[in-house]
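Observations on the model geometry
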Amino acid sequence: MKDIGQYNHKDIEKAYSKSWAEEALYSVKEPSSERRFSVVIPPPNVTGSLHMGHALNVTLQDVLCRWHRMLGKDVVWVPGFDHAGIATQYVVDRQLQERGINRLDIGREEFLKKVWEWVPLSRRAIREQLEKLGVSVDWFRERFTLDEGFSRAVRHAFRKLYEEGLIYKGEYMVSWCPKDVTALSDLEVEHEEEDGKLYYIRYPLEDGSGFVLVATTRPETMLGDTAVAVHPEDERYKKLIGKKLKLPLVDWKRRAMDGSEVPPIIPIVGDERVKPEFGTGVVKITPAHDPVDFEVGRFHGLPFVQVMDAFACMNDNAGDFAGLDRYLARKKIVERLEELGFLERVENHRHAVGKCYRCKTVLEPMVSTQWFFKVSDPRIKETAKRVVRDGLIRFIPENWSKIYMQWVENLKDWCISRQIWWGHRIPVWYCKDCGHENLFTDEDFDRVYDKLIFNLIADGKIKEEFTPEEVASHLNSPSFVHPEFTVLDFYKKFVFYRYHSTEVDANSLRLFFTQDLNPMAILTEKKSRYKYNPHQKTYRFILRCKNCGSENLKQEEDVLDTWFSSALWPLGTFGWPEHSPDLKNLYPTDLLVTGFDIIFFWVARMVFMGTFFMKEVPFRDVYIHALIRDEKGQKMSKTKGNVIDPLEIMEKYGADSLRFTLAVLTQQGRDIKLSEKRFEGYKHFANKLWNAGRFILLNLDSDLLSNLPYSAPPRAEDLWITTKLNKTARVVNEALSEYDFSEAARELYEFVWSELCDWYIEFSKLRLYAKPEENLTEEERRVQEEKIRAERITVQAMLLGVFEKTLRLLHPFMPFITEKLWQELPTAHGRSISLVQYPHFNEQEVYEEAERRVERLKEIIGAIRSLRSDLRIEPSKKIRLFYKARESLKLVEEFMPHILSLARLESLQEVFVLPERAVAGFSEDFEFFVPLEEGIRLEELISSYSRRLQELEKQLTSLEEKLSNENFLRRAPEEEVDRARIMLEELKREKLKVEELLLALRRASSP
RNA sequence: AGGCGCGUAGCUCAGUUGGCAGAGCGCCUCCCUUACAAGGAGGAGGUCGGCGGUUCGAGUCCGCCCGUGCCUACCA
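These remarks concern the structure in this document. Throughout this document, residue positions are counted from 1 along each chain, in the order its sequence is written. Chains carry letters and ligands carry numbers; both start at the beginning, A for chains and 1 for ligands, and go up in the order they are written. pLDDT decides what is reported in this predicted model: residues at 70 or higher carry local features, side-chain atom pairs at 80 or more are listed and counted, and totals for whole chains, interfaces and linings draw on all residues regardless. The basis for every side-chain value is the complete set of non-hydrogen atoms in the structure, without hydrogens or water.

1. A word on the packing of helix 21 (residues 676-698) against helix 26 (residues 815-824)
So the rule is basically this: Geometry is summarised by axes, namely lines fitted to C-alpha atoms with helices restricted to the contacting stretch, and by angles between N-to-C directions that run from 0 to 180 degrees. Per the convention used, a helix needs a DSSP run of H or I reaching at least four residues, while a strand needs a run of E reaching at least two, with both numbered from the N terminus. Each angle receives one of four descriptions, namely roughly parallel if under 35 degrees, roughly antiparallel if over 145, roughly perpendicular if within 65 to 115, and oblique otherwise. Should any heavy atoms of two residues lie within 4.5 Å, those residues are considered in contact. In this classification, the charged set is Asp, Glu, Lys and Arg, the nonpolar set is Ala, Val, Leu, Ile, Met, Phe, Trp, Tyr, Cys and Pro, and all remaining amino acids, among them Gly, are polar.
Relative to each other, helix 21 and helix 26 sit at 0°, their axes nearing to 11 Å. As summarised for this structure, helix 21 and helix 26 are arranged roughly parallel, according to the angle between their axes. In this structure, helix 21 contributes Ala-686, Leu-689, Trp-690, Gly-693 and Leu-697 to the contact, and helix 26 contributes Ile-817, Thr-818, Lys-820, Leu-821 and Glu-824. Looking at the contact of helix 21 with helix 26, its residues break down into six nonpolar, two polar and two charged.

Structural data, given as structure tokens:
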């Protein structure tokens, strides 16, 4: 007997989100490889805080992880964060700009320091949000895509791919963002339809015999034209092939990328790629600024003239227009062309423009030297197709595998270099003497210290010139692998675990360097790795060219595409490239949950890396969920101001309501339209559950458990609710195993609200509040009291048992409220509801007979309530009722107290003749009569019955038609025909009944 | 230009081998009944986008069309 008061989500959620993390409840040190269930979180970007999409993503994962954990699995769910190259650089850059600081002014090193200051802030904020959401991740395994371990994994992966010939460097056409000043991969280009212009320009023939007319959408690129192309079979222009044109405007020197001078006299070439039907059938060729022209230029050996710089400003090759922004240049060039009579006409033209997916700047195709991952290689591409085709990886819903396959089929090589600062710097050092391209990873060094120092330098943690003290202090600073690690801890645990004896401090380091520099070491090693500077007292770590031995090396400036490291996420988080126990036990993961927008960016690329390096898929099931949109179906974005912040929602409605709402809304479609109202509805549900718990706890005797063996046998409603709950458990388990979150959640909602609260709890009050009759003898009274006591114990045990099981079923969806309520129950044992067994279907607990009787009882009570309502009898008014029944007779007698209570009757008496002056209702064979009193209004009832009659007539007509259709009788299955016949009989009986009642009512209402 | 999805109650959506159209919210009526007014009881509301086909029978399977959203694509 205790009162837990009113539902207050804030207190509950705050207490548990903290204690779960502090107790490391979801940390599994040594998972068994057979019973494990392993998942890696799609790492959120450290660009700010979580949005609703993240909330959905982690909620679904948490539901599944909690479910599997309760099914007895060793669930390891690895959390972590993505350094998010361009995105994070963009965020920090903007912050600096607001303080009037320019990134280019302070330089790379200083800027990266600022980013490293920002990262922990964002990381902490997101971590807190995840905890608030109640995610059951193993925080001891937290990782970051730019932590020491990942950097090492990335260098290792780069090296292997490079050595296998799967990474190459080359000069190609790439999409270039002039705002972020970097190359982008094809995937990072967003195409958008825009209204533009098509300019028709005259290019005069060199011999003065006329001109050809070319059409272009980007006239500014004409300054870089080095040819004009026509289709070789085009009758109009065929004869012009080989002739020369004078490029308008250009009367200055242009230099090609190879340094040669390019005259403004350009050839007309024939090329199949030209479509005669577009424009004039003549196309200008700018090999350095258009992807197709690039191909054409290479094919015909044309010079490449760049006319723009990295910021999309015109360069020296643009002569008079040098220094102008591309759009200003376009305007000026068009004006000049018009002045000089080269512009024939301008048409409106709608076309697709490529934009940067981050900053939406219109991209410029540029020729530049970039690094590529040769994903078109069969070792990558064919494997990636095979694992899905053969079902080693399963997409849910299934149709995404088709989309995946199509994309992989059309793969082009992936540009992985970025000209930004924030990210994994490419581990390549160029020799300034012989030009050799050197690739270094710590595997190039034998000694532990060398490996260590190399990694620190490669990660930019120490400078090339350093002191042992600096190294030691860095090693003892916090690691980015995990906030509670030092850098040294990390190296010991993951990298150098084979060398446990290695103690690293300033002294041993100094000793190491001294030894390294002594004459003996130099003799044995030929050349020392370290150069000592006696003035500065610093050491320099020496890399030597693998070709010529020169020490004059310079590291590649470019960093890797952020997705290159994310692609290693399911490997790196488990310690790869080391053969760690985690890698052995937890790879491949069992499940990946993500949105369809990153199937190509991330999912496919994890498949590339996983299958290549591990010879095994990175995950088995890929559950693809919808994207969150606002109530109008628009994407949520800060600029539109239509975001619904999960933090605000949790504050107002609670994490449990947020989670349950998202689970219910997770249909297999493509998007979820969200409005704040949805959360309100499910907060009511949480409240309902709370109050059910409150009711039960209020009515439990404090000594219940010790009295348990002694009790009265269960009643029909007990068996009924047991069956219902059992069936609910079956549906929920089945739904979850099919990733049908919505079905599982709705089923639970339905059970809690419509069965448990609406009916069972109401029924339970009969026994809980039972009192002995009055005017009894002492003896009789004692017997009755004993019986009531026994009944009370039974119903309390039932309530307790049913509720406890319900909480367990609900726990994956609403972890906080279920934990709290469960802990309040006298049966609570162990640390947490999340560690006890999940209920499953039990064949023994199906009581069909009891279930049918109680369902029938509900119908009867419903019919009486309906009549009361039609007669406008106030709910609080108890009425006298008379009834007639045949098959239902026993049932009515058995459940007399239930009917009296739930239908709010003063009495229910059987009669054998129709009462005079009474209005009636029925439910099948159960007929009942309310004595007609003054003030009872019949109109509503009459119209209610009239509507019912109409409906019946409609159904009857269609049924009769069906049954008179010979084809139906002949061809439909027998049971179908029988069902129709039975229904016809029932409808006819009901119709007679309704007509009879209507007649009586009409008589009564018009005296 | 190809590909994928969606059109069912006022709104958001369920509807699993074809066999009597459902839920939540909203709306209407009545009630603050000792867990819960964040509640209880009852109720209204639908030619399942359109046309055609298969079938005894179609929201469900097939075809075409209309509307709508998204993804992919080098059309100057």
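Having seen it, we continue.
2. Overview of the packing of aromatic side chains
To keep things clear, this is the line we draw: Note on aromatic contacts: the rings of Phe and Tyr and the six-membered ring of Trp form a pair at centre separations within 6.5 Å, being stacked when their planes are under 30 degrees apart, edge-to-face when over 60 apart, and tilted otherwise. For a lysine, the NZ atom is tested; for an arginine, the CZ atom; a charge sits over a ring if that atom is within 6 Å of the ring centre and within 35 degrees of the ring normal.
Inspection of the entire model under this criterion finds 49 aromatic pairs. Pairwise contacts between aromatic rings join Phe-158, Tyr-162, Trp-371, Phe-373, Trp-414 and Phe-564 into one cluster. In this arrangement the basic side chain of Arg-103 is found over the ring face of Trp-421, its NZ or CZ atom lying 5.0 Å from the centre. Lying over the aromatic face of Trp-139, Arg-127 brings its terminal NZ or CZ to 4.4 Å of the ring centre.

3. A closer look at the sheet that holds strand 21 (residues 437-439)
Which entries qualify depends on this criterion: Between any two strands, pairing holds if DSSP finds at least two bridges.
The strand order 21-20-25 describes an open sheet built from three strands, whose pairing is antiparallel. The open sheet has two edge strands, strand 21 and strand 25 (553-555), and neither has a second partner. When strand polarity is set aside, the average angle formed by the axes of neighbouring strands in this sheet is 35°. For strand 20 (residues 428-431) and strand 25, the ladder comprises three bridges, and the chain directions are antiparallel.

4. Focus on helix 10 (residues 448-458)
To be explicit about the condition: Each residue is placed in one exposure class: buried if its accessible area under a 1.4 Å probe, protein chains only, is under 20% of its type's maximum, exposed if it is over 50%, and partly exposed if it falls in between.
Counting buried residues in helix 10 gives 11 out of 11 residues, a clear majority hidden from the surface. Taken from the residues just after helix 10, Gly-460 is the one with a positive phi, measuring 75°.

5. Some thoughts on helix 4 (residues 103-133)
For clarity, the cut-off: Helix span, as expected, comes to 1.5 Å for every residue beyond the first. Here the bend at a residue is taken as the angle between two axes, fitted respectively to the seven residues that end there and the seven that start there. For the purposes of these results, a polar contact is taken to be a pair of N or O atoms within 3.5 Å, where, inside protein, one atom must be able to donate a hydrogen and its partner to accept one; residues adjacent in sequence count only when each atom of the pair is a side-chain atom.
Given a rise of 1.5 Å per residue, 31 residues ought to cover 45 Å, yet the end C-alpha atoms of helix 4 are separated by just 36 Å, more than 12% below that figure. For helix 4, the principal kink sits at Glu-109 and spans about 80°. N-cap assignment for helix 4: the residue whose side-chain oxygen lies 2.7 Å from the backbone N of Leu-104 is Asn-102. One or two steps after helix 4, the chain reaches Gly-134, where phi turns positive at roughly 85°.

6. Structural notes on the sheet that holds strand 8 (residues 211-216)
Strands sit in the order 8-7-15 across an open sheet of three strands; the sheet is antiparallel. The strands lining the two open edges of the sheet, one partner per strand, are strand 8 and strand 15 (343-356). Across the sheet, the mean angle separating the axes of adjacent strands is 20° when strand polarity is ignored.

7. Details of the pairing of strand 23 (residues 530-533)
Where strand 23 meets strand 24 (residues 538-541), four bridges bridge the pair, whose relative direction is antiparallel. In the sheet register, Tyr-530 faces strand 24, and the bridge partner there is Phe-541. The hairpin formed by strand 23 and strand 24 contains four residues between the paired strands, and Lys-537 there has a positive phi angle of roughly 60°.

The values reported here are purely geometric and, on their own, carry no functional implication.
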